[in-house]
Amino acid sequence: MQKMNKTILGYVPEESPLYRIHPFVRLLFLMVVSLFPMFISSPEWNFGIILLVLAILVYSRVNLKTLRVYIPLSISMGVLILLTHTVLGGRHPEFFVAFRIFDFPFYYERIVAAVDVYARILPMIFVMVLFLSTSRERDILVAFRWARIPFVVTYLGAMALRSVGMVIEDFSIVRQAEKARGFDPQGKSIRYKMRQFVMYIIPLFALALRRSDEFANAIVARGYSFTGLKGVDRADYILHQYEFRTRDAVLSGIIFLSLIAVLVARYGFGYLSLDDSLTVQLLESLLKGGAQ
Amino acid sequence: MTTAVRFENYSWRYSRTKEQALKEINLEIEEGLLVGVIGPNGSGKTTLAYSMNGLIPNQYNGIRKGSVKIYDEEVTEMDQAQLCQQVGLVFSDPEAQFTAMTVEDEVVFGMENMGLTYQEIEERLDWVVPLTDIEELMEKPPYEVSGGQKQRVALASVLSMRPPVLMLDEPTSMLDPIGRRRIFDVLGRLKREYQSTIIIVEHSLENLIPLADLMVLVYEGEVLLVDETEPFFQKLDYLMEHHIYPPGVLEFFHHLKKSGDYPEASALPESVGEGEKQLRRLLENKA
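Residues numbered from 1 in each chain as written. Chains lettered and ligands numbered in written order. Predicted model: local features only at pLDDT ≥ 70, side-chain atom pairs only at ≥ 80, totals over all residues. Heavy atoms only, no water.

1. Topic: the nonpolar core
Then comes step 1: With 64 residues, the main nonpolar core has Leu166(B), Leu187(B) and Phe233(B) as its most contacted residues.
Then comes step 2: Membership of the second largest hydrophobic core comes to 39 residues, among which are Val12(A), Ile49(A), Ile81(A) and Leu272(A). (Core = buried A, V, L, I, M, F, W, Y, C linked by side-chain atoms within 4.5 Å. Buried < 20%, exposed > 50% of the residue type's maximum accessible area, 1.4 Å probe, protein only.)

Structure (structure tokens):
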């Protein structure tokens, strides 16, 4: 049976070629490529980023079926953006009315703006999904530590990540305990649920306090000091296991260069803008027809 | 013999409580012994454990009197990092002591804090991982393995620091019988092969008795009885008066003794196997 690595959003085969790449490079990809849509207005280029991410997911042997959960999210987000730009976008006599529904005008400019915003947000989400689908908590820590982020900061970050799971688990325990004693807000009104929510929050809060107390004991009992120990050069055994190779340096360089290329193309030559976008031209011919 | 741990007139009262958690404790534990500390819940066993490794008074507020010495050095005069290398503490809830994202990170955490080199860490991993049988778990998150495995990971993470004194606070309280047995197997190996000083606060007497050299009864904050294991459990009436309920085999022979069916001078058997032999002998003699 194929051995799998549990990542933050799922499972990836241990043999995935992505694990040959240093975690820092993967973090760099997230941080840099998720910035691209901020500089790219042309929707087709942004959809190109999505295709690139999908290709990397396939290469990384991530089961693409797991991405199905994001389809309703993407659709509802698209509908919401469209509605806020059109129905809730206000009246603009200066804009071109593409069509009317129940005499309500839908402006061409607002539709283009909605498509622009949607096409920028979607690739950012895809890049984040790629990173979280292929990274373990440990990879994130290694990436930050390799970037010389102080151990105490990465450690606190790791604890924050871990505490999310613990709070969810504790919440489930509290809820079951309350249910076992006849407290079940299922089927009750939202107002009732909100009023009774305190029944969950108080024990959850008490549990969180106890856990933090236990945690403090645990790290003190194993000699950890947040300010570092006097005269002790702390080895980072886990980081030591990851080697930053030439390939990683090349990939990092490519990522940086691609950012520079995007910036130069956008602000130096005026490419990647809405003006020369094929998607906008298509929308124009669909919604404006021959009208000017 | 060297004294590993020494309590001298030691008392501790937590702030905002009226009663002292520990009262005038005097106790000496020699190096290389496996010591069982027993007593009902709330009797002060955990306070005793925390006092040895400095969590009391460093992490808790309260009033402290007397002294606790580890290898003749007063606990309050050592800094916490130094103390952790002298007394390793395994908590009753293993999950409460996990601080890392994978078992491997968890086991190396203490060693990194000690400032060991990569090579030393690797050497100790090679020793502790097979000892505690956690090879298969190294890549997993520690909070996602089974209860018994969690406790073995917790034990490995403390053992890897190689403290001369190992203190375990109810290490099997959350485990099933198989999990308990495996923890005691590891402790047995530590005792036999490494002559470690091990102090175990434990309710599971059937596993503890065959291993323990010395037993300590703590009751309402006082150390009432300290003795070698065999004579300790001969005072069964006294122990039962203080809510210590021994394994069935001990209690059975104790009843036989009281009813005159078992010789007064004979020692009570400490295990089922030993009990079986005694019973056969008894029946043969009767016949």
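2. Comments concerning the domain arrangement of chain A
Residues and elements named next belong to chain A.
Then comes step 1: Considered domain by domain, chain A is made up of domain 1 (4-142 + 245-287) and domain 2 (150-241).
Then comes step 2: Using only C-alpha atoms to locate each centre, domain 1 and domain 2 end up separated by 33 Å.
Then comes step 3: Contacts between domain 1 and domain 2 engage 4 residues on the former and 6 residues on the latter.
Then comes step 4: Counting the surface lost from both domain 1 and domain 2, the interface buries some 480 Å², and carbon and sulfur atoms represent 77% of this.
Then comes step 5: At the junction of domain 1 with domain 2, the criterion picks out 0 residue pairs in polar contact (both at pLDDT 80 or more). (Domains from an automatic or database assignment. Contact = heavy atoms within 4.5 Å. Buried area = accessible area lost by both parts, 1.4 Å probe. Polar contact = N/O pair within 3.5 Å; in protein donor to acceptor, adjacent residues only side chain to side chain.)

3. Brief notes about unusual backbone geometry
Then comes step 1: The amide bond that connects Ile56(B) to the next residue, Pro57(B), takes the cis arrangement and shows omega of 10°.
Then comes step 2: Following the sequence through the fold, Pro57(B) ends up in helix H2 (residues 55-58).
Then comes step 3: Unlike most non-glycine residues, Arg148(A) shows phi in positive territory, near 65°.
Then comes step 4: Of note, Arg148(A) is situated in the loop between helix H6 (137-146) and helix H7 (151-180).
Then comes step 5: The phi torsion at Arg16(B) lies on the positive side, around 65°, for a residue other than glycine. (Helix = DSSP H or I, 4+ residues; strand = E, 2+ residues; numbered from the N terminus.)

4. A word on the sheet that holds strand E2 (residues 22-30) of chain B
Residue and element names in this part refer to chain B.
Then comes step 1: Spatial ordering of the open sheet is given by E2-E1-E4-E5, a layout of 4 strands whose pairing is antiparallel. Because the sheet does not close on itself, it has two edges, and the strands there are E2 and strand E5 (73-74).
Then comes step 2: Sheet topology places strand E1 (residues 3-14) next to E2; 6 bridges connect them, and they run antiparallel. Looking at E2, one finds that Arg 6 is bridged to Glu 28.
Then comes step 3: Each of E1, E2 and strand E4 (62-70) touches helix H1 (residues 45-52); the most contacted strand, E1, lies at about 120° to it. (Pairing = 2+ DSSP bridges. Axes fitted to C-alpha atoms, helices over the stretch in contact; angles between N-to-C directions.)

5. Some remarks on the environment of Glu74(B)
Residue and element names in this part refer to chain B.
Then comes step 1: As for its placement among the helices and strands, Glu 74 is situated in strand E5.
Then comes step 2: Each C-alpha atom, one on Glu 74 and one on Pro 263, is 46 Å from the other, the two residues being 189 residues apart in sequence.
Then comes step 3: Setting aside anything within four residues of it in sequence, one finds Glu 74 in contact with Arg 64, Ser 67, Val 68 and Lys 69.
Then comes step 4: Here the side chain of Glu 74 touches Arg 64 through a polar contact of 3.0 Å, side chain to side chain.

6. So, the environment of Leu282(A)
Then comes step 1: By the element assignment, Leu282(A) lies in helix H12 (residues 278-288).
Then comes step 2: Through-space distance from the C-alpha of Leu282(A) to that of Ile173(A) is 54 Å; in sequence the pair is 109 residues apart.

7. Overview of the packing of aromatic side chains
Then comes step 1: On inspection of all chains with the given rule, the structure shows 23 aromatic pairs over all chains.
Then comes step 2: Plain terms: the ring middles of Phe104(A) and Phe106(A) are 5.7 Å apart, the flat faces sit at 70° to each other, and that makes the pair edge-to-face.
Then comes step 3: Judged by relative accessible area, Phe106(A) falls into the buried class, the value being 12%.
Then comes step 4: Among the aromatic residues, ring-to-ring pairing joins Trp12(B), Tyr14(B), Tyr50(B), Tyr60(B) and Phe91(B) into one connected group.
Then comes step 5: Its end group placed over the ring of Tyr19(A), Arg136(A) keeps NZ or CZ at 5.1 Å from the ring centre.
Then comes step 6: In this structure, Lys288(A) is placed above the aromatic ring of Phe96(A), and the distance from its NZ or CZ to the ring centre is 5.6 Å. (Phe/Tyr/Trp six-rings, centres within 6.5 Å; stacked < 30°, edge-to-face > 60°. Lys NZ or Arg CZ within 6 Å of the ring centre and 35° of its normal.)

8. Some points on the interface of chain B and chain A
Then comes step 1: The partner chain A presents 35 residues to the 39 residues of chain B that form the contact.
Then comes step 2: Carbon and sulfur atoms make up 54% of the area that chain B and chain A hide from each other, which totals about 3300 Å².
Then comes step 3: Three residues, Met101(B), Glu112(B) and Tyr118(B), lead the burial of chain B against chain A; their summed loss comes to 21% of the area buried on that side.
Then comes step 4: Inspection of the chain B/chain A interface yields 5 salt bridges.
Then comes step 5: Close ionic contact of Glu139(B) with Arg136(A) constitutes a salt bridge, the shortest N to O distance being 3.6 Å.
Then comes step 6: Applying the counting criterion to the chain B and chain A interface returns 11 residue pairs in polar contact (both at pLDDT 80 or more).
Then comes step 7: Only helix H3 (80-86), helix H4 (103-114), helix H5 (118-132) and helix H6 (147-159) of chain B provide two or more residues apiece to the side of chain B that touches chain A.
Then comes step 8: Per element, the largest residue contribution to the side of chain B that touches chain A is 9 residues, and it comes from H4(B).
Then comes step 9: For the side of chain B that touches chain A, the class distribution of residues is 20 nonpolar, 10 polar and 9 charged. (Salt bridge = Lys/Arg side-chain N within 4 Å of Asp/Glu carboxyl O. Nonpolar A, V, L, I, M, F, W, Y, C, P; charged D, E, K, R; others polar.)

9. A short note on the domain arrangement of chain B
All names here are of chain B.
Then comes step 1: Entries for chain B in the domain assignment read domain 1 (3-241) and domain 2 (247-287).
Then comes step 2: Distance between the C-alpha centres of domain 1 and domain 2: 33 Å.
Then comes step 3: At the interface, 10 residues of domain 1 touch 10 residues of domain 2.
Then comes step 4: Of the roughly 900 Å² buried between domain 1 and domain 2, counting both surfaces, carbon and sulfur atoms make up 64%.
Then comes step 5: When the buried surface of domain 1 facing domain 2 is broken down by residue, Ile 209, Gln 234 and Leu 236 rank first, second and third, together holding 46% of it.
Then comes step 6: For the pair domain 1 and domain 2, the interface holds 1 salt bridge.

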